[in-house]
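Observations on the model geometry
The lines below spell out each chain.
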Amino acid sequence: MATRTPSPRRTWTGPYDTLRGAALSYRALFTWLNPLGYLSSRVVRPIGMAIAFTSLSSYYGAGTGRMLVGASLLAGAGAVLYGMALAVGNERSFGTLGGWLASPQNKLAAACQRALPHVVDGFVGGLCTYVVCCLLYGTFPLGIAAFCGLLAVGVVTTSGLGLGLSALALLIEDLFVGPNAAELVLMVLSGTLVPQEHLPGFLHPLSDALPLTHLMKLVAPGTGTGSWDPTQLWAELAVGASWFLVSSGFMLIVARRAARRTSLA
(Lines give C-alpha, C1' and ligand atoms only; values in the text may rest on other atoms or scores of the structure.)
Protein backbone atom coordinates (compact mmCIF):
# COMPACT_ATOMS: atom_id res chain seq x y z
CA MET A 1 0.00 0.00 0.00
CA ALA A 2 1.48 3.29 -1.10
CA THR A 3 2.02 5.83 1.59
CA ARG A 4 1.06 9.40 1.01
CA THR A 5 3.76 11.96 1.56
CA PRO A 6 2.46 14.76 3.74
CA SER A 7 2.55 18.16 2.14
CA PRO A 8 4.91 20.69 3.72
CA ARG A 9 3.29 22.64 6.46
CA ARG A 10 2.67 26.26 5.60
CA THR A 11 4.04 28.79 8.03
CA TRP A 12 1.93 31.78 8.93
CA THR A 13 3.87 34.99 8.63
CA GLY A 14 1.39 37.49 9.97
CA PRO A 15 2.11 40.80 11.67
CA TYR A 16 2.82 39.13 15.01
CA ASP A 17 5.39 36.76 13.49
CA THR A 18 7.01 39.64 11.62
CA LEU A 19 7.36 41.77 14.73
CA ARG A 20 8.53 38.80 16.79
CA GLY A 21 11.20 37.93 14.26
CA ALA A 22 12.36 41.53 14.11
CA ALA A 23 12.61 41.71 17.90
CA LEU A 24 14.52 38.42 18.09
CA SER A 25 17.04 39.52 15.46
CA TYR A 26 17.55 42.81 17.31
CA ARG A 27 18.13 40.98 20.57
CA ALA A 28 20.47 38.38 19.07
CA LEU A 29 22.70 40.57 16.89
CA PHE A 30 23.41 43.66 18.95
CA THR A 31 25.81 44.14 21.83
CA TRP A 32 24.42 47.48 23.04
CA LEU A 33 21.34 46.00 24.70
CA ASN A 34 23.01 46.52 28.07
CA PRO A 35 21.85 49.83 29.57
CA LEU A 36 25.28 51.50 29.55
CA GLY A 37 26.01 50.59 25.95
CA TYR A 38 22.61 51.75 24.76
CA LEU A 39 22.77 55.03 26.66
CA SER A 40 26.23 55.87 25.36
CA SER A 41 25.52 55.08 21.69
CA ARG A 42 21.87 55.96 21.36
CA VAL A 43 21.34 58.79 23.87
CA VAL A 44 24.53 60.48 25.05
CA ARG A 45 26.34 60.60 21.69
CA PRO A 46 23.52 62.17 19.61
CA ILE A 47 22.65 64.65 22.37
CA GLY A 48 26.30 65.63 22.68
CA MET A 49 26.58 66.17 18.92
CA ALA A 50 23.40 68.24 18.89
CA ILE A 51 24.64 70.45 21.73
CA ALA A 52 28.01 70.95 20.02
CA PHE A 53 26.57 71.98 16.65
CA THR A 54 23.81 74.11 18.17
CA SER A 55 26.34 75.94 20.34
CA LEU A 56 28.57 76.59 17.32
CA SER A 57 25.58 77.84 15.35
CA SER A 58 24.63 80.21 18.16
CA TYR A 59 28.22 81.41 18.55
CA TYR A 60 28.43 82.42 14.90
CA GLY A 61 25.15 84.29 15.05
CA ALA A 62 22.82 81.76 13.43
CA GLY A 63 19.55 80.80 15.07
CA THR A 64 19.43 77.76 17.29
CA GLY A 65 15.98 76.60 16.18
CA ARG A 66 16.93 75.22 12.80
CA MET A 67 20.02 73.48 14.19
CA LEU A 68 18.04 71.85 17.00
CA VAL A 69 15.61 70.36 14.48
CA GLY A 70 18.32 69.33 12.02
CA ALA A 71 20.61 67.72 14.60
CA SER A 72 17.69 65.78 16.10
CA LEU A 73 16.57 64.50 12.70
CA LEU A 74 20.16 63.47 12.03
CA ALA A 75 20.25 61.60 15.35
CA GLY A 76 17.26 59.52 14.30
CA ALA A 77 18.65 58.90 10.82
CA GLY A 78 22.03 57.85 12.21
CA ALA A 79 20.44 55.17 14.39
CA VAL A 80 18.67 53.76 11.34
CA LEU A 81 21.82 53.75 9.18
CA TYR A 82 24.04 52.04 11.73
CA GLY A 83 21.34 49.66 12.90
CA MET A 84 20.39 48.43 9.45
CA ALA A 85 24.01 48.00 8.37
CA LEU A 86 24.85 45.98 11.49
CA ALA A 87 21.59 44.01 11.30
CA VAL A 88 23.14 42.10 8.40
CA GLY A 89 26.83 42.78 8.96
CA ASN A 90 26.88 41.32 12.48
CA GLU A 91 25.97 37.97 10.97
CA ARG A 92 29.53 37.98 9.61
CA SER A 93 31.00 39.03 12.97
CA PHE A 94 29.17 36.26 14.83
CA GLY A 95 30.02 33.61 12.22
CA THR A 96 26.40 32.98 11.19
CA LEU A 97 26.39 34.70 7.79
CA GLY A 98 26.71 31.43 5.87
CA GLY A 99 23.64 29.99 7.56
CA TRP A 100 21.66 33.17 6.95
CA LEU A 101 22.56 33.16 3.25
CA ALA A 102 21.83 29.43 2.89
CA SER A 103 18.39 29.69 4.47
CA PRO A 104 15.43 29.62 2.05
CA GLN A 105 14.04 32.94 3.29
CA ASN A 106 13.66 35.95 1.06
CA LYS A 107 16.75 38.03 1.88
CA LEU A 108 15.14 41.34 0.93
CA ALA A 109 12.11 40.64 3.13
CA ALA A 110 14.40 39.52 5.97
CA ALA A 111 16.45 42.73 5.76
CA CYS A 112 13.29 44.85 5.76
CA GLN A 113 11.97 42.92 8.75
CA ARG A 114 15.17 43.57 10.65
CA ALA A 115 14.89 47.27 9.86
CA LEU A 116 11.71 47.67 11.93
CA PRO A 117 13.34 47.87 15.40
CA HIS A 118 15.88 50.38 14.12
CA VAL A 119 13.22 52.64 12.63
CA VAL A 120 11.51 52.66 16.04
CA ASP A 121 14.86 53.08 17.78
CA GLY A 122 15.74 56.01 15.53
CA PHE A 123 12.43 57.68 16.25
CA VAL A 124 12.89 57.33 20.02
CA GLY A 125 16.50 58.53 19.86
CA GLY A 126 15.68 61.52 17.66
CA LEU A 127 12.76 62.56 19.85
CA CYS A 128 14.83 62.20 23.02
CA THR A 129 17.59 64.35 21.47
CA TYR A 130 15.10 67.03 20.46
CA VAL A 131 13.31 67.25 23.81
CA VAL A 132 16.49 67.25 25.91
CA CYS A 133 18.27 69.84 23.77
CA CYS A 134 15.22 72.09 23.52
CA LEU A 135 14.89 72.03 27.31
CA LEU A 136 18.58 72.87 27.67
CA TYR A 137 18.31 75.85 25.30
CA GLY A 138 14.89 76.91 26.55
CA THR A 139 13.17 76.90 23.17
CA PHE A 140 10.94 74.61 21.11
CA PRO A 141 11.21 75.75 17.48
CA LEU A 142 8.57 73.17 16.53
CA GLY A 143 5.80 71.67 18.60
CA ILE A 144 6.29 68.08 19.76
CA ALA A 145 3.52 66.78 17.50
CA ALA A 146 4.92 68.55 14.42
CA PHE A 147 8.44 67.33 15.10
CA CYS A 148 7.23 63.77 15.70
CA GLY A 149 5.58 63.82 12.28
CA LEU A 150 8.74 65.07 10.59
CA LEU A 151 10.91 62.59 12.47
CA ALA A 152 8.65 59.67 11.54
CA VAL A 153 8.95 60.58 7.86
CA GLY A 154 12.70 61.08 8.21
CA VAL A 155 13.50 57.69 9.75
CA VAL A 156 11.30 55.91 7.19
CA THR A 157 12.86 57.64 4.18
CA THR A 158 16.36 57.08 5.60
CA SER A 159 15.63 53.35 5.87
CA GLY A 160 15.75 53.16 2.06
CA LEU A 161 19.40 54.24 2.22
CA GLY A 162 19.93 51.95 5.21
CA LEU A 163 18.78 48.98 3.13
CA GLY A 164 21.58 49.71 0.68
CA LEU A 165 24.04 49.69 3.60
CA SER A 166 22.65 46.29 4.65
CA ALA A 167 23.52 44.96 1.20
CA LEU A 168 26.94 46.63 1.30
CA ALA A 169 27.67 44.79 4.55
CA LEU A 170 27.58 41.56 2.54
CA LEU A 171 30.48 42.80 0.42
CA ILE A 172 32.71 44.73 2.84
CA GLU A 173 34.17 43.08 5.93
CA ASP A 174 34.63 46.36 7.81
CA LEU A 175 31.07 46.91 8.98
CA PHE A 176 31.44 50.59 9.84
CA VAL A 177 32.76 51.85 6.49
CA GLY A 178 29.28 52.15 4.97
CA PRO A 179 27.36 53.77 7.85
CA ASN A 180 30.26 56.08 8.75
CA ALA A 181 30.45 57.38 5.18
CA ALA A 182 26.66 57.65 4.86
CA GLU A 183 26.32 59.59 8.13
CA LEU A 184 29.11 61.96 7.07
CA VAL A 185 27.39 62.59 3.74
CA LEU A 186 24.10 63.36 5.51
CA MET A 187 25.86 65.67 7.96
CA VAL A 188 27.40 67.71 5.14
CA LEU A 189 24.90 67.51 2.29
CA SER A 190 21.41 66.87 3.71
CA GLY A 191 20.91 70.40 5.04
CA THR A 192 20.59 69.22 8.63
CA LEU A 193 23.80 70.86 9.84
CA VAL A 194 24.85 72.90 6.79
CA PRO A 195 22.06 74.79 4.98
CA GLN A 196 21.90 73.76 1.33
CA GLU A 197 22.24 77.35 0.14
CA HIS A 198 25.72 77.44 1.72
CA LEU A 199 26.93 74.48 -0.34
CA PRO A 200 28.64 74.82 -3.74
CA GLY A 201 26.09 74.88 -6.53
CA PHE A 202 27.30 71.65 -8.15
CA LEU A 203 26.45 69.75 -4.93
CA HIS A 204 22.80 70.82 -4.87
CA PRO A 205 21.54 67.99 -7.14
CA LEU A 206 23.31 65.44 -4.92
CA SER A 207 21.85 67.10 -1.83
CA ASP A 208 18.34 66.93 -3.29
CA ALA A 209 18.77 63.17 -3.83
CA LEU A 210 19.46 62.50 -0.14
CA PRO A 211 16.99 61.76 2.66
CA LEU A 212 16.24 64.61 5.10
CA THR A 213 17.11 67.36 2.59
CA HIS A 214 13.53 68.13 1.66
CA LEU A 215 12.41 67.85 5.27
CA MET A 216 14.90 70.58 6.14
CA LYS A 217 13.57 72.71 3.28
CA LEU A 218 10.13 72.16 4.78
CA VAL A 219 11.32 72.98 8.30
CA ALA A 220 13.31 76.14 7.56
CA PRO A 221 10.30 78.36 6.82
CA GLY A 222 8.34 76.72 9.64
CA THR A 223 10.90 77.79 12.23
CA GLY A 224 10.63 81.39 11.08
CA THR A 225 7.73 83.46 9.84
CA GLY A 226 6.96 81.74 6.55
CA SER A 227 4.52 78.95 5.80
CA TRP A 228 5.42 75.32 5.13
CA ASP A 229 5.62 74.09 1.55
CA PRO A 230 3.83 70.71 1.38
CA THR A 231 5.48 69.84 -1.95
CA GLN A 232 8.72 69.30 -0.03
CA LEU A 233 7.05 66.53 1.95
CA TRP A 234 6.08 64.72 -1.24
CA ALA A 235 9.60 65.23 -2.57
CA GLU A 236 11.02 63.66 0.60
CA LEU A 237 8.74 60.63 0.25
CA ALA A 238 9.76 60.29 -3.40
CA VAL A 239 13.44 60.35 -2.44
CA GLY A 240 12.85 57.66 0.19
CA ALA A 241 10.94 55.47 -2.29
CA SER A 242 13.69 55.87 -4.89
CA TRP A 243 16.37 54.83 -2.44
CA PHE A 244 14.28 51.83 -1.41
CA LEU A 245 13.86 50.66 -5.01
CA VAL A 246 17.55 51.05 -5.85
CA SER A 247 18.64 49.43 -2.58
CA SER A 248 16.21 46.54 -3.09
CA GLY A 249 17.76 45.72 -6.46
CA PHE A 250 21.23 46.01 -4.95
CA MET A 251 20.28 43.69 -2.09
CA LEU A 252 18.86 41.03 -4.41
CA ILE A 253 21.98 41.05 -6.59
CA VAL A 254 24.45 41.04 -3.71
CA ALA A 255 22.58 38.39 -1.70
CA ARG A 256 22.41 36.07 -4.72
CA ARG A 257 26.13 36.55 -5.37
CA ALA A 258 27.04 36.01 -1.73
CA ALA A 259 24.87 32.87 -1.49
CA ARG A 260 26.54 31.45 -4.61
CA ARG A 261 29.99 32.08 -3.20
CA THR A 262 28.99 30.49 0.11
CA SER A 263 27.72 27.35 -1.62
CA LEU A 264 31.00 27.01 -3.54
CA ALA A 265 33.18 27.52 -0.48
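Residues numbered from 1 in each chain as written. Predicted model: local features only at pLDDT ≥ 70, side-chain atom pairs only at ≥ 80, totals over all residues. Heavy atoms only, no water.

1. Considering empty space enclosed by the protein
Counted only if it meets this: Think of a 1 Å grid over just the protein atoms. A cavity is a set of points where a 1.4 Å probe fits yet cannot get out, a pocket is an open set with protein on both sides within 12 Å along at least five of seven lines, and lining residues have an atom within 4 Å of a point. Grid points are joined across faces, edges and corners, and a volume is the space filled by probe spheres set on the points. Here a strand is any run of E in DSSP of at least two residues, a helix any run of H or I of at least four, and the numbering for each starts at the N terminus. Under this grouping Gly is polar, as are all residues other than the nonpolar Ala, Val, Leu, Ile, Met, Phe, Trp, Tyr, Cys and Pro and the charged Asp, Glu, Lys and Arg.
Inspection of every chain in the model, using the stated rule, returns 1 cavity of 30 Å³ or more. Computed from the structure, the largest cavity encloses a volume of approximately 50 Å³. Lining the largest cavity are Ala-85, Leu-165, Leu-168, Ala-169, Ile-172, Asp-174, Leu-175, Gly-178 and Pro-179. For the lining of the largest cavity, the secondary-structure elements that each account for two or more residues are helix H6 (144–168) and helix H7 (177–189). Class assignment of the residues belonging to the lining of the largest cavity gives a composition of 7 nonpolar, 1 polar and 1 charged.

2. A word on the nonpolar core
Side chains of a nonpolar character, in soluble globular proteins, are inclined to be buried together. Keep this limit in mind: To form a nonpolar core, buried Ala, Val, Leu, Ile, Met, Phe, Trp, Tyr and Cys residues must be joined to one another through side-chain atoms within 4.5 Å. Accessible area is worked out with a 1.4 Å probe on protein chains only. A residue is then buried under 20% of its type maximum, exposed over 50%, and partly exposed in between.
By size, the foremost hydrophobic cluster in this structure holds 53 residues, and its most contacted members are Val-69, Trp-100, Leu-142, Phe-147, Leu-170 and Met-251. With 12 residues, the single largest contributor to this core is helix H3 (residues 64–93).

3. A short note on the pattern of salt bridges
Note the following rule: Here a salt bridge means any side-chain nitrogen of Lys or Arg lying within 4 Å of a carboxyl oxygen belonging to Asp or Glu.
Applying the stated criterion to the full structure yields 2 salt bridges. A salt bridge links Glu-183 to Arg-45, with the nearest nitrogen and oxygen atoms 3.3 Å apart. Placement of the pair is Glu-183 in helix H7 and Arg-45 in helix H2 (residues 35–59), with a sequence separation of 138 residues. Relative accessible area serves as the criterion here: at 7%, Glu-183 is assigned to the buried category. Asp-208 is the salt-bridge partner of Lys-217, the closest N and O atoms lying 2.7 Å from each other.

4. Remarks on the packing of aromatic side chains
Put simply, the rule is: Aromatic pairs are defined between Phe, Tyr and Trp rings, using the six-membered ring for Trp, whenever the two ring centres lie within 6.5 Å; interplanar angles under 30 degrees are classed as stacked, those over 60 as edge-to-face, and all others as tilted.
Applying the stated rule across the entire model yields 3 aromatic pairs. Aromatic side chains Tyr-130 and Phe-140 sit 6.1 Å apart centroid to centroid with 80 degrees between the ring planes, which places their arrangement in the edge-to-face category. Taken together, the residues span a long stretch of sequence, with Tyr-130 in helix H5 (residues 107–137) and Phe-140 in the loop between H5 and H6 at a distance of 10 residues. With relative accessibility at 0%, the residue Tyr-130 sits in the buried group. Under the relative-accessibility criterion, Phe-140 is labelled partly exposed at 40%. Considering the side-chain rings of Tyr-130 and Phe-147, the 4.0 Å spacing of their centres and the 10 degrees angle between planes classify their relative orientation as stacked. Remark: Phe-147 occurs in helix H6 and Tyr-130 occurs in helix H5; sequence separation between them is 17 residues. Owing to a relative accessible area of 0%, Phe-147 belongs among the buried residues under this scheme. Members of the aromatic cluster, joined through ring pairs, are Tyr-130, Phe-140 and Phe-147.

Structural measurements only, silent on function.
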